[in-house]
Amino acid sequence: MKRRVLDHPILGHKTDHREEIEFFFEGEKLKAYPDDTIASALIANGIDIFGFSSSGKPRGLFCAIGKCSSCLVEVNGIPNIRACITPVKNGIKVKRQKGKGKPTW
Amino acid sequence: MVKHQALVIGAGPAGLCGAIAMAENGVDVLVVDEGLEPGGQLPKQTHKFFGHEGFFASLRGFEIGKILIERARKNGVKLLLKTTVAGIYEDAIVLYNRELEKTQELKVDYILIATGASEKFISFKKNYLPGIYGAGAVQTLMNQYRTLPGKNFIIIGAGNIGLILGYQLLQAGANVKAIIEASSKVGGYAVHANKIKRMGVPIILNHTIVEAIGEEKVNGAIIAKVDASFKPIPGTEREFVVDTICLAVGLQPNVELAAQIGARIEYVPKLGGYVPYRDENMKTSLENVYIAGDLASIEEATTAMIEGYIAGYNIAQKITGKDFSEQITKMKRELVEFRKGPFSQKVREGLKHFNISFSEGGYRTKIQNNEEPVGKLRVKIECPQNIPCNPCETSCPTGAITVGENINGIPHVDYDKCIGCGICVTKCPGLAIFLIQEFEKSSIVGIPYEFELPDENEKVILLDKNGNEIGYGKVEKIVKNNRFHTHIVFLNIPKGFENDVRHFKKIVKNYEEIICRCESITRKEIEDAIEEGFTDFEELRRYLRISMGPCGGRVCRLQTLSIISEKTGIPISELDSGRYRPPSIPLSFKAILNGEDDKNE
Ligand code: SF4
Ligand code: SF4
Ligand code: FES
């Protein structure tokens, strides 16, 4: 997870992430901190494209507080999950969403 | 169906203060918020807030958030997170709890809506690309989740949010290539702009972004100059190589819920766009619905807190039947004080639309004339605007600083009283106070500093107010402030530069520095070898082949010795300088043989 700010002149050293957890993105196993959201975990792993609009344009994070719906992903088969306000969990399977997303039942 | 006396929607500064005002007076209040954490935008703010101590001035946003949350909990406020108010219907309110995946019905007598604001978006080519973020999103990522979405940033908008974001990015170790502003002047506070200007970040006025470069994600931005009507002028385009574009182009109130409940909404651009009508007690057009904070008018945290209290006390008064007019009047007086300055002009004008008037003026506008006691250790305040802020005044133990009658006044110093203690330097949220003292041969400047500290005695590059390099200085002393994180770095600088030096940067060692030209050995290789334990010149020579080349060590011997001395602390005079082997210059065999011939002749 290369994009971390572990040392910060005001916030100090980030120490509250003793164990890392693992989740899957498009089948690939990635690491995250337990206090990450899906969005922060993806960004930390260098992933900026969260999905594609119905016309095929890449989509990423925009507001990070659940207001814009730019970050919709599929989690364990359920589409329209806002990655920015959903905590990452051990073992979840995250996929890029295309358009409105296709739920698998 | 769950029942409460009052519901607060939104756990930001306005909502929390409203809830505290109610709970303190015995009201049963529930606060609902969508976020994973309470505090609204406070937890992502690492800078010190303006205002006065009564509203936590000089504390950082995330610290203020913690205090408010604790105060709310202590007073019995119930907090429901990860929960969205999905709909407000005539007979009940429906909450949706994201975590439990269920809805819940709620009935309350009073509602305080404090849903805040959302960031505005602007249109430019390819503005959909990943790598384009709202300013707040980048703050959330880096300060709450400790994740930086890129390395090289450009910020669009030089209001306070853009300026603060720039500073926070620098603290997180990112490069900020520029801040772009469409209007002809910086919209945010000068003290915020100065903090990043002195670190060398340009603020480019009269420009806007016209295109994001990249196919799958941002790898550049094109900006262009704008004309008087903010239209890009063709032919003035400029390209920046960046991987992240941050939009800090303003906020718009989140009116959806207020509108849904039936509160009258009006379009008042000076307040931020569509806003609910409210009276001076923060009551909407509905008897039992109140609002506060950015939803009511885009402003800042202090006024949001005050409005929260006003709404909260009013609701508490109605529910309990007790009289809280004293508290309400006190808070209203605070608002009047805060809103007198030039930065409140828009809000003052906007509120006229609702027949609410706030007076302007009554603050000190004069900038102090300099009759400074040269040679004495004293403060230098560079806070030229009328902003609602006074920690400089209230923190000074000798009463040397005053901002005058109103909190928007410009601070003046009584130099007879200033003892140079530096407390104000560490408290000032604008990092606008410096310490200076002239000596016979050099001068001292004390700089408020919130980055990784240099070493004492370190030689540094001095920077002026615009981040230009203006020579070298030395770190004289560091006064650390581990509690509040604003340290003071005292620099020894050339005389005459006391009013220029405002920042510094480390001299980055160039590891491509070649020490031994013959064998092409770099300073870094030597330093590493010394660290491995080769601290003797002869040892280094055998290990690295340093000074074994044709020059015979002329170029590198002394340099190598001085590096050993630097790293080991042993003076050069006490180091073994190694053997001097012949020949002292390269000799060809022919020359040697010819010499033999001479002898034989
Ligand atoms: S340096 Fe100390 S004495 Fe001087 S103005 Fe600041 S707080 Fe007051
Ligand atoms: S000098 Fe005083 S008024 Fe200006 S920012 Fe600093 S503390 Fe606030
Ligand atoms: S990034 Fe806006 S909703 Fe997630």
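Described below are features of the structure shown in this document. (Residues numbered from 1 in each chain as written. Chains lettered and ligands numbered in written order. Predicted model: local features only at pLDDT ≥ 70, side-chain atom pairs only at ≥ 80, totals over all residues. Heavy atoms only, no water.)

Side note on the interface of chain B and chain A
Here is step 1: Counting residues at the interface gives 37 residues for chain B, matched by 34 residues for chain A.
Here is step 2: Carbon and sulfur atoms make up 60% of the surface buried where chain B meets chain A, a total of about 3,100 Å² over both sides.
Here is step 3: Salt-bridge contacts for Lys-217 of chain B lead to Asp-48 of chain A; the nearest nitrogen and oxygen are separated by 3.2 Å.
Here is step 4: The interface formed by chain B and chain A holds 12 residue pairs in polar contact (both at pLDDT 80 or more) in total.
Here is step 5: Among the elements of the structure, strand E8 (132-134) and helix H3 (135-144) of chain B are those that each provide at least two residues to the side of chain B that touches chain A.
Here is step 6: No other element matches the five residues that H3 of chain B contributes to the side of chain B that touches chain A.
Here is step 7: By residue class, the composition of the side of chain B that touches chain A is 16 nonpolar, 11 polar and 10 charged. (Contact = heavy atoms within 4.5 Å. Buried area = accessible area lost by both parts, 1.4 Å probe. Salt bridge = Lys/Arg side-chain N within 4 Å of Asp/Glu carboxyl O. Polar contact = N/O pair within 3.5 Å; in protein donor to acceptor, adjacent residues only side chain to side chain. Helix = DSSP H or I, 4+ residues; strand = E, 2+ residues; numbered from the N terminus. Nonpolar A, V, L, I, M, F, W, Y, C, P; charged D, E, K, R; others polar.)

Here we look at the site of ligand 2
Here is step 1: Around ligand 2, the surrounding shell consists of Phe-50, Ile-381, Cys-383, Cys-389, Pro-391, Cys-392, Pro-411, Cys-428, Pro-429, Gly-430 and Ile-433 of chain B.
Here is step 2: The residue inventory of the shell around ligand 2, partitioned by class, reads 10 nonpolar, one polar and no charged. (Near = heavy atom within 4 Å.)

Some words on the sheet that holds strand E10 (residues 175-180) of chain B
Hydrogen bonding along the main chain pairs the strands of a sheet, whether they run parallel or antiparallel.
Residues and elements named next belong to chain B.
Here is step 1: A sheet is described by the order of its strands in space; here five strands give the open sequence E8-E15-E9-E10-E11, paired in parallel fashion. Of all strands in the sheet, those with a lone pairing partner are E8 and strand E11 (203-204), marking the two edges.
Here is step 2: Note that E10 and E11 share two bridges and pair parallel. Its bridge partner being in E11, Ile-179 is matched across the sheet by Ile-203. (Pairing = 2+ DSSP bridges.)

Observations concerning the sheet that holds strand E14 (residues 238-240) of chain B
Residues and elements named next belong to chain B.
Here is step 1: An order of E12-E13-E14 is seen for the three strands of this open sheet, with the pairing classed as antiparallel. Whereas interior strands pair on both sides, the edge strands pair on one side only; in this sheet they are strand E12 (207-213) and E14. Neighbour-to-neighbour, the strand axes of this sheet turn through a mean angle of 30°, independent of strand direction.
Here is step 2: Here E12 pairs with strand E13 (residues 220-225) via six bridges, running antiparallel. When the bridges of E13 are listed, Thr-208 appears paired with Ala-224. (Axes fitted to C-alpha atoms, helices over the stretch in contact; angles between N-to-C directions.)

Notes on the pairing of strand E1 (residues 2-9) of chain B
Residues and elements named next belong to chain B.
Here is step 1: Summarising the sheet, E1 and strand E6 (residues 102-113) pair through seven bridges and their orientation is parallel. Bridging across to E6, Ala-6 finds its partner in Tyr-110.
Here is step 2: With four bridges joining them, E1 and strand E2 (residues 29-32) adopt parallel strand pairing. By the bridge assignment for E2, Ile-9 is matched with Val-32.
Here is step 3: Between E1 and its parallel partner E2, the chain crosses via helix H1 (residues 13-24), and the hand of that crossover is right-handed. (Right-handed = clockwise from strand over helix to strand, strands pointing away.)

A look at helix H8 (residues 325-338) of chain B
Here is step 1: The end-to-end C-alpha distance of H8 of chain B, which contains 14 residues, comes to 20 Å, matching closely the 20 Å that a straight helix rising 1.5 Å per residue would cover.
Here is step 2: Those residues of H8 of chain B that are buried lie in contact with helix H7 (301-320) of chain B. (Expected span 1.5 Å × (residues − 1).)

Section: a nonpolar patch on the surface
All names here are of chain B.
Here is step 1: Together, Ile-585, Leu-587, Phe-589, Ile-592 and Leu-593 make up an exposed nonpolar region whose accessible area comes to about 540 Å².
Here is step 2: Mapped onto the fold, Ile-585 is located in the loop between helix H14 (557-568) and helix H15 (589-600).
Here is step 3: In this structure Ile-585 comes out as partly exposed when scored by relative accessible area, which is 48%. (Patch = residues over 30% accessible without salt bridge, like charges linked within 9 Å, V, L, I, M, F, W, Y side chains within 5 Å. Areas by Shrake-Rupley, 256 points an atom, 1.4 Å probe, with all protein chains shown as cover. Buried < 20%, exposed > 50% of the residue type's maximum accessible area, 1.4 Å probe, protein only.)

Comments concerning the side chain of Thr-244 of chain B
Residues and elements named next belong to chain B.
Here is step 1: Structurally, Thr-244 is set in strand E15 (residues 244-247).
Here is step 2: One polar contact links Thr-244 to Asp-243, side chain to side chain, over a distance of 3.1 Å.
Here is step 3: Discounting chain neighbours no more than four positions away, the residues touching Thr-244 are Gly-131, Tyr-133, Pro-149, Gly-150, Asn-152, Phe-153, Ile-154 and Val-218.

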